Amino acid sequence: MEIRNIAIIAHVDHGKTTLTDALMRQTGMSTDETSMDSNALEKERGITIYSKNTSVFYKETKINIVDTPGHADFSSEVERILRSIDCVLLLVDAQEGPMPQTKFVLKKSLELGLKPIVVINKIDKPAARPEEVVEMVYELFLDLGATDEQLDFSVVYTASKQGIAKINLSDESTNLDPLLDLILAKVKPASSLEADKLALAVQPFNLAYDNFLGRLAICRVYNGIIKSGQDVIVKNLNNETRTRRITKLFTFQGLNRKEETEAHAGEIIMIAGLPNIYIGETICDNVNQELLPAIKIDEPTISLDFLINNSPFAGREGKFVTNRQLKERLEKELEINVGLKIDFSDISSYKVYGRGELHIAILLENLRREGFELQVSQPQVIIKKIDGVDNEPFEEVVIDIPEKMSGTVIEKLSKRKGQMIGIKNNNGQTRLNFEIPTRGLLGYRNEFVVDTKGEGILCSHFLGFRPYVGNIEKNELGSMVSMISGKALAFSLWNLQDRGTLYIGPNIEVYEGMIIGNVAKGNDLAVNPIKGKNLTNVRAAGSDEAIKLTPPLELNLEIGLGIMNEDEYLEVTPKSIRLRKKFLTENERVRSKRNK
Ligand SMILES: Nc1nc2c(ncn2[C@@H]2O[C@H](COP(=O)(O)OP(=O)(O)OP(=O)(O)O)[C@@H](O)[C@H]2O)c(=O)[nH]1
Ligand SMILES: [Mg+2]
């Protein structure tokens, strides 16, 4: 059977997974409301975190599809996948138009010589402006230096939620066939009898893990036929070889993997039996086989320390609380989490390098759900020496906000060393473009949500390492640190809430050194949240009946990582997320400062 290999790429939320799901449903690969976003965290957050493979059958052709994540923190996945498919569907929201991630994934596709099919999605939105968006996409192609051939892209209009595609906006349509037909017409076949006869050449572009089968490699078969049970030669990037046996071989069908005895040139497969297999290696059956072109993996941009929980509440909620367990789990994570690096050289605190706050937050969320307790330090950007000069990561930020809020946002980002490179007003909405050191952006997202009352959209994308821009003044808030252990009382919280924002409500157990809120003005503040009211006969404003507490700011992983200070840890357990000082007592803190 003929095979076509495509990936769906886009900015976050533009509808990639919805389209993939609809394609699977309409071709009979899935029947119900199941989705490619199958992971629990994906379902909860409504975003794709891991790229996933599927295939559908249409008119005697197998179309392998890779659904990719749109969030910038996971973009290194996308780049690897682009190397291993033959065409991309570039999805663009018919209202929003191209966004930073659209630009990033398109740029990578064009550089690889791919000729994208442009899919203008969500044409059902009332504010959709599909024709205008096509123009904007064309401009973007031009800006990115597309060749004439690439500029001559096909366009298809879709409402993937309704499962409709049309070539002309005025067409009537009830299904996605126009898109599928376009794919058959425009994407070159991956399979051929000639390629089957060539010497075996297979390359992994993604990794997975199975408790029974161990590490799995998701690969493209470029040439030849690979068989289950076959002995293969794996060549690493330095041309060193090792021989291993393929123990299992799968293809992807709908939401499932299907065990196969062999796979032909052009297929996308998953194989087991190669324990140390890594992305970009060449799997072949002949030592003289040339290496396939390497696949570049993006470097991490931020780092932080992971250590076991040693707070006074350690071990209360978790199943896995020891150093050894944490280390083993992190080592396992490295098997599949390709954007992640970990330095285990310090035996009690592991340095974890990742691609952004969300990348790290997802790892932490997985750990706590599995029953781990741990603590992490404040994320720091990675500084890299290039030609003897310190360089730091920079990001491009695109912000959509109501016009009246733009002043505050511009002011804050400028203070954080952001440079405005564009501003556009449209119907009371403003779009701002900034280039800013990642350092300046760390922790800003929470402030942004508050400043824009949740009405703003902020997205960022990694630009590259650039020379260090010097000190950044953030108005870091002080912390309200409990000086005592016990149960917080409404009365004392009521007194404290004027000083800043509280992270806890009454009856929450606290320990000495735990951070229970921030201080709006000034430095850290040692407080006593368990103090009861003096018993007097006089009824004061703070009587129990009168106590009205503002709801606390509940910490979650992303908020915690964003607001924590350098001398603090975020304590993560299956049930709780707390902030604490590294040094729990005031005495220790003073001493450590003096020793600095
Ligand atoms: N109105 C409308 N909404 C759509 C359409 N397609 C998708 N959506 C909605 O857009 C949201 C995001 O859809 P997803 O398919 O998860 O987007 P995605 O591109 O896979 O997102 P990430 O994988 O996180 O980058 C969901 O709420 C969808 O229901 C469409 O054609 N019309
Ligand atoms: Mg998705």
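Definitions and cut-offs
- Residues numbered from 1 in each chain as written.
- Chains lettered and ligands numbered in written order.
- Predicted model: local features only at pLDDT ≥ 70, side-chain atom pairs only at ≥ 80, totals over all residues.
- Helix = DSSP H or I, 4+ residues; strand = E, 2+ residues; numbered from the N terminus.
- Rg over C-alpha atoms; globule rule 2.2 N^0.38 Å.
- Contact = placed C-beta atoms within 7 Å.
- Near = placed C-beta within 6 Å.
- Nonpolar A, V, L, I, M, F, W, Y, C, P; charged D, E, K, R; others polar.
- Core = buried A, V, L, I, M, F, W, Y, C linked by C-beta atoms within 7 Å.
- Buried ≥ 20, exposed ≤ 12 C-beta atoms within 10 Å, placed from the backbone.
- Domains from an automatic or database assignment.
- Axes fitted to C-alpha atoms, helices over the stretch in contact; angles between N-to-C directions.
- Parallel < 35°, antiparallel > 145°, perpendicular 65-115°, else oblique.
- Left-handed = near helix turned anticlockwise from the far one by under 90°.
- Pairing = 2+ DSSP bridges.

### Section: the overall build of the chain
In terms of regular secondary structure, the chain is built from 16 helices and 34 strands. Its C-alpha atoms give the chain a radius of gyration of 27 Å, within 12% of the compact-globule value 25 Å for 596 residues. Dimensions of the chain along its principal axes, counting C-alpha atoms only, are 95 × 60 × 55 Å. In the chain, the share of contacts with a sequence separation of at least 24, taken over all contacts with a separation of at least 6, comes to 71%.

### Let's talk about the site of ligand 1
Taken together, 21 residues sit near ligand 1, with Gly15, Thr17, Ile47, Thr48 and Gly70 positioned nearest. Looking at side-chain class alone, the shell around ligand 1 contains 5 nonpolar, 10 polar and 6 charged residues.

### Structural notes on the nonpolar core
In this structure, Ile6, Ala7, Leu90, Cys219, Ile269 and Ile271 are the most contacted members of the largest nonpolar core, which totals 80 residues. For this core, the element with the most residues is strand E9 (residues 214–223), which contributes 6 residues. For this core, the two domains that each supply at least three residues are domain 1 (2–186) and domain 2 (193–284). For Cys219, the contacting residues outside a window of four places in its chain are Val202, Gln203, Pro204, Phe205, Ile269, Ile271 and Ile283. Core analysis: the next-biggest nonpolar cluster, separate from the first, contains 43 residues, Val381, Tyr503, Ile516 and Leu555 among them.

### Digging into the packing of helix H3 (residues 75–82) against helix H4 (residues 100–111)
Across the interface, H3 lies against H4 with an axial gap of 10 Å and an inter-helix angle of 25°. Looking at the two axes, H3 sits roughly parallel to H4. Here H3 and H4 pass one another in a crossing that is right-handed. Where H3 approaches H4, its residues Ser75, Val78, Glu79 and Leu82 are matched on the opposing element by Gln101, Phe104, Val105, Lys108 and Ser109.

### Considering the domain arrangement of the chain
In terms of domains, the chain is made up of domain 1 (2–186), domain 2 (193–284), domain 3 (384–467) and domain 4 (478–535 + 542–595). Domain 1 and domain 2 are separated by 26 Å when their C-alpha centres are compared. Listed as interface residues are 16 residues of domain 1 and, on the opposing side, 14 residues of domain 2. Looking at the side of domain 1 that touches domain 2, the elements that each hand over two or more residues are strand E1 (2–10), strand E2 (52–58) and H3. When residues in the side of domain 1 that touches domain 2 are grouped by element, the largest group, 3 residues, is from E2. Classifying every residue of the side of domain 1 that touches domain 2 gives 4 nonpolar, 10 polar and 2 charged.

### Topic: the pairing of strand E8 (residues 201–210)
In this sheet, E9 lies alongside E8 in antiparallel orientation, the contact comprising 9 bridges. From the neighbouring strand, Ala201 faces E9, where its bridge partner is Asn223. The hairpin turn running from E8 into E9, its antiparallel successor, is 3 residues long.

### Quick look at the environment of Glu139
With respect to the helices and strands, Glu139 occurs in helix H5 (residues 130–143). On the basis of neighbour counts, which here come to 12 C-beta atoms within 10 Å, the residue Glu139 falls in the exposed class. For the pair Glu139 and Ser576, spaced 437 residues apart in sequence, the C-alpha separation works out to 48 Å.

### Considerations on the sheet that holds E2
Remark on secondary structure: sheet strands pair via backbone hydrogen bonds, oriented parallel or antiparallel. Read across the sheet, 7 strands follow the order E2-E3-E1-E4-E5-E6-E7 without closing on themselves; strand pairing throughout is mixed. One side of each edge strand has no neighbouring strand; the edge strands of this open sheet are E2 and strand E7 (164–166). Each neighbouring strand pair of the sheet contributes to a mean axis angle of 25°, computed without reference to strand direction. As paired strands, strand E5 (residues 117–121) and strand E6 (residues 155–159) are joined by 3 bridges and run parallel to one another.

### Digging into unusual backbone geometry
Here the phi dihedral of Lys417 falls at roughly 70°; this positive angle occurs in a residue that is not glycine. Within the secondary structure layout, Lys417 lies in the loop between helix H11 (406–415) and strand E25 (419–426).

### Let's talk about the environment of Ser84
Mapped onto the fold, Ser84 is located in the loop between H3 and strand E4 (87–93). Judged by the 22 C-beta atoms lying within 10 Å of it, Ser84 is buried. Each C-alpha atom, one on Ser84 and one on Val397, is 29 Å from the other, the two residues being 313 residues apart in sequence. Discounting residues that sit within four places of it in the chain, Ser84 has contacts with Gln203, Phe205 and Arg220.

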